[in-house]
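# Descriptive structure summary
This is what each chain is made of:
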Amino acid sequence: MPQVAAHITGTVSRIEKRPGDTVNPGDVVVVLESMKMEMPVEAEAGGTVKEIRVKEGQPVAEGDVLVVLG
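Below or above, wherever it landed, is the structure these notes cover.

By the secondary structure assignment, serine 34 is in strand β4 (residues 28-34). A polar contact is formed between the side chain of serine 34 and the backbone oxygen of threonine 9, at a distance of 3.1 Å. In this view, serine 34 contacts Ile8, Thr9 and Gly10; residues no more than four positions away in its chain are not counted.

See the structure below:
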């Protein structure tokens, strides 16, 4: 299954998609905040959101899986 992973260490600012939403490559799925800047995390593959593994306000590290697509 495709996954959307963090590309930086930061805090989850916003989750743009919900389970069941369709995602296309390039869609913003999660927005992270790092060093007082918002950094969008885009999907590299398309699919349907199956699982969201983070919540807003949660710290994440580079490589952490944020969302699983099916």
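Once the structure has been displayed, the description carries forward.
Glancing now at the sheet that holds strand β7 (residues 59-60). Spatially, four strands are ordered β5-β4-β2-β7 in an open sheet, and the strand pairing comes out antiparallel. Unpaired on one side and paired on the other, β5 (37-42) and β7 mark the two borders of the sheet. As paired elements, strand β2 (residues 10-15) and β7 share two bridges and run antiparallel to each other. Bridged to glycine 10 within β7 is valine 60.

What counts and how
Residues numbered from 1 in each chain as written. Predicted model: local features only at pLDDT ≥ 70, side-chain atom pairs only at ≥ 80, totals over all residues. Heavy atoms only, no water. Helix = DSSP H or I, 4+ residues; strand = E, 2+ residues; numbered from the N terminus. Polar contact = N/O pair within 3.5 Å; in protein donor to acceptor, adjacent residues only side chain to side chain. Contact = heavy atoms within 4.5 Å. Pairing = 2+ DSSP bridges.

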